[in-house]
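Single-letter residue listing:
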2 protein chains.
Amino acid sequence: MVRIKRKVEVIGLELPIFKGGEEVDIAELIKDFVEDKDIVVIAETLISKLEGRILKKEEIKVSKEALELAKKVGKEPEVVQAILDEAKEIVRVGKNFIITETKHGFVCANSGVDESNVIGIKLLPEDPDRSAERIRRRIKELTGKDVGVIISDSFGRPFRKGSVGVAIGVSGILALWDRKGEKDLFGRELKSTEVAIADELASMANVVMGEANEGIPIVIIRKANVPFGEGRGRDLIREKEEDVFR
Amino acid sequence: MVRIKRKVEVIGLELPIFKGGEEVDIAELIKDFVEDKDIVVIAETLISKLEGRILKKEEIKVSKEALELAKKVGKEPEVVQAILDEAKEIVRVGKNFIITETKHGFVCANSGVDESNVIGIKLLPEDPDRSAERIRRRIKELTGKDVGVIISDSFGRPFRKGSVGVAIGVSGILALWDRKGEKDLFGRELKSTEVAIADELASMANVVMGEANEGIPIVIIRKANVPFGEGRGRDLIREKEEDVFR
């Protein structure tokens, strides 16, 4: 009457701790752990470090605008300068937070600028989709295996408290999965069912990663029913014009 | 240098298909599959059916307000009436969607009213936290095992396309996990890190459930590092007054 229909494994990999700027081939490091059709989720922090997206505070020149905003929100001026430099637009400002639209188009707190788990100020990868694509191709080259790759981060959101894992870079799988036209339990067509499957996979990986402070920056998801194909993290961005909350 | 540090299992259970109103003891059905410290995630659809939260269209009396709104958004008047009856407030209205705050306080499309996988119009459970609590206690009673229970649904969100799994009812684990004060990779304190762990677990389960149309309404998450304790789904609701996007 009740039976196990599907069993997915979520495997957390411990890696050495990097400070930033090291020459590291991630695909080479993890190649023995990867199987065909796995989803490899990599914490944005690791990518940012290895791509040298860390600023030293003393090298940041603070503008008058950043100084004023820093006072207003109660943040360090250097951090605010980095947030502004990474932003396309300021969306909302409040006590100790600045919500921006980043140059990539992500709406998130502080342009994704962060000081946790790094020495200095960490920026988001310049092009997380490109980073994901590069690693996916390299895994294929080294192992012959086809995988999906997701670069994950944690974002807050309106209406609900707390942060959740999101996919900022995607390669090898669809980010947005349109299930319209599939049949429901009673044989009728599902309506308007677009699933942010890459975000769900990033949240899934986040449960195993924790807050990237446990030394697990990479998670492998095995035997999940996911749509392989040519998706991009940017497919998940809702355009400003289409967004009733902007 | 690289090693497996954690392995989490996500197990999808196939159940018989229920039409609604059946007398079913969920804990009894799944008791042989549950281990101590598991997280049991149950699709809201299943709970709503078993709690009789299904309306027949012909029994709904349509008000003038619902009729007008139905024309405006392009939905059936009966469905709009159900949406209004379940709402505390209308938050945004657009082409084929009505975003409301439900009586529970959730901000979501159509007050969570839905016609997929049911015969009739499905409403959210009246009190999903209570439903989760009841099932958790019953599992304890039948098996002696302590588990966390989550009632999950799929919500859309601002800024990002597609829906993701969220926890509308929680019992036995924290819904919101404050990791402030923990140390980062370099031994410094993490700042302002509140994780919506129950939402992440709901998204994790969603990956295995699909759109509830695959006959997997219950997912068991095993060996995850989660905070057991007295959480509630309502802990995840951001109050209107605190929300810069309301």
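Please read all numbers here as calculations on a predicted model, not as lab measurements. (Residues numbered from 1 in each chain as written. Chains lettered and ligands numbered in written order. Predicted model: local features only at pLDDT ≥ 70, side-chain atom pairs only at ≥ 80, totals over all residues. Heavy atoms only, no water.)

### Examining the relation of the copies chain B and chain A
Rotating chain B by 180 degrees about the axis while translating it 0.0 Å along that axis superimposes it on chain A, leaving an RMSD of 0.0 Å. Expressed as a symmetry operation, the mapping of one chain copy onto the other fits a two-fold axis. An overlap of 100% is found between the interface residues of chain B and their copies at the interface of chain A, pointing to a shared contact surface. (Least-squares fit on C-alpha atoms with pLDDT ≥ 70 in both. Contact = heavy atoms within 4.5 Å.)

### Some thoughts on the pairing of strand E2 (residues 39-43) of chain A
All names here are of chain A. Within E2, five of the five residues are buried, leaving the element largely enclosed by the surrounding structure. Residues Ile39, Val41 and Ala43 point to one face of E2 and Val40 and Ile42 to the other, with burial holding for every one of them. Of the pairings in the sheet, the one linking E2 to strand E8 (residues 148-155) comprises five bridges and is parallel in character. Its bridge partner lying in E8, Ile39 is registered against Gly148. Here E2 pairs with strand E12 (residues 218-222) via four bridges, running antiparallel. Looking at the pairing, Ile39 lines up with Ile221 of E12. (Buried < 20%, exposed > 50% of the residue type's maximum accessible area, 1.4 Å probe, protein only. Helix = DSSP H or I, 4+ residues; strand = E, 2+ residues; numbered from the N terminus. Pairing = 2+ DSSP bridges.)

### A closer look at the pattern of salt bridges
Residue and element names in this part refer to chain B. As enumerated under the stated definition, the model contains 62 salt bridges over all chains in all. With its nearest N and O atoms 3.6 Å apart, the salt bridge here joins Glu133 to Arg136. Taken together, the positions of Glu133 and Arg136, both in helix H5 (residues 128-143) and three residues apart, correspond to about one turn of that helix. The two residues Glu133 and Arg136 agree in class, both being buried. (Salt bridge = Lys/Arg side-chain N within 4 Å of Asp/Glu carboxyl O.)

### Section: the domain arrangement of chain A
The extent of an interface is frequently quoted as the accessible surface area lost upon association of the parts. All names here are of chain A. Once the domains are mapped, chain A shows domain 1 (1-53 + 125-238) and domain 2 (54-123). Its C-alpha centre places domain 1 at a distance of 26 Å from the equivalent point of domain 2. The partner domain 2 presents 14 residues to the 16 residues of domain 1 that form the contact. The junction of domain 1 with domain 2 conceals about 1,300 Å² of combined surface from both sides, 56% of it contributed by carbon and sulfur atoms. (Domains from an automatic or database assignment. Buried area = accessible area lost by both parts, 1.4 Å probe.)

### Some details on the packing of helix H3 (residues 64-73) of chain A against helix H4 (residues 77-86) of chain A
Residues and elements named next belong to chain A. Closest axis-to-axis distance for the H3/H4 pair is 8 Å, and the angle between their directions is 115 degrees. Regarding the angle of H3 to H4, the classification is roughly perpendicular. Classified by chirality, the crossing of H4 by H3 is right-handed. For the pair formed by H3 and H4, the contact residues are Glu65, Ala66, Leu67, Leu69, Ala70 and Val73 on the first element and Pro77, Val80, Gln81 and Leu84 on the second. Classifying every residue of the contact of H3 with H4 by side-chain character gives eight nonpolar, one polar and one charged. (Axes fitted to C-alpha atoms, helices over the stretch in contact; angles between N-to-C directions. Parallel < 35°, antiparallel > 145°, perpendicular 65-115°, else oblique. Left-handed = near helix turned anticlockwise from the far one by under 90°. Nonpolar A, V, L, I, M, F, W, Y, C, P; charged D, E, K, R; others polar.)

### Considering H5(B)
An α-helical turn contains 3.6 residues, so any two residues separated by three or four positions project in the same direction. Residue and element names in this part refer to chain B. Helix length check: H5, at 16 residues, gives a terminal C-alpha distance of 22 Å against a target of 22 Å (1.5 Å per residue), a fit within 8%. Among all positions of H5, only Pro128, Asp129, Ser131, Ala132, Glu133, Ile135, Arg136 and Ile139 are buried. For H5, the elements touching its buried residues are helix H1 (26-30), strand E2 (39-43), helix H2 (44-50), strand E8 (148-155) and strand E9 (164-171). Phi for Gly144, located one or two positions after H5, is positive at around 75 degrees. (Expected span 1.5 Å × (residues − 1).)

### A short note on the packing of aromatic side chains
Under the definition given, this model contains four aromatic pairs over all chains. Seen from their ring centres, A:Phe159 and A:Phe245 are 5.0 Å apart, and the 70 degrees between their planes marks the pair as edge-to-face. Of this pair, A:Phe159 sits in the loop between E8 and strand E9 (164-171) while A:Phe245 sits in the segment after E12; the two residues are 86 residues apart in sequence, bridging distant segments of the chain. Each member of the pair, A:Phe159 together with A:Phe245, is buried. If you follow A:Lys37 out to its NZ or CZ, it ends over the ring of A:Phe228, 4.5 Å from the centre. The positively charged end of B:Arg179 is found above the aromatic ring belonging to B:Trp177, 4.1 Å away from the centroid. (Phe/Tyr/Trp six-rings, centres within 6.5 Å; stacked < 30°, edge-to-face > 60°. Lys NZ or Arg CZ within 6 Å of the ring centre and 35° of its normal.)

### Observations regarding the interface of chain B and chain A
If you look at the interface, chain B gives 86 residues, while chain A gives 86 residues. Both sides of the chain B and chain A interface together cover about 8,000 Å² of buried area, and 59% of this is carbon and sulfur. Residue A:Arg3 is joined to B:Glu14 by a salt bridge in which the shortest nitrogen-to-oxygen separation is 2.6 Å. Here chain B and chain A share 44 residue pairs in polar contact (both at pLDDT 80 or more) between them. At the level of elements, strand E1 (3-14), strand E4 (87-94), strand E5 (97-102), E9, strand E11 (194-195) and helix H6 (197-209) of chain B are the ones that each hand at least two residues to the side of chain B that touches chain A. Ranked by residues supplied to the side of chain B that touches chain A, first place goes to E1(B) with twelve residues. Its residues assigned to classes, the side of chain B that touches chain A comprises 44 nonpolar, 13 polar and 29 charged. Relative to E1(B), strand E1 (residues 3-14) of chain A runs antiparallel, the two being bridged by eleven bridges. Its bridge partner lying in E1(B), A:Arg6 is registered against B:Gly12. (Polar contact = N/O pair within 3.5 Å; in protein donor to acceptor, adjacent residues only side chain to side chain.)

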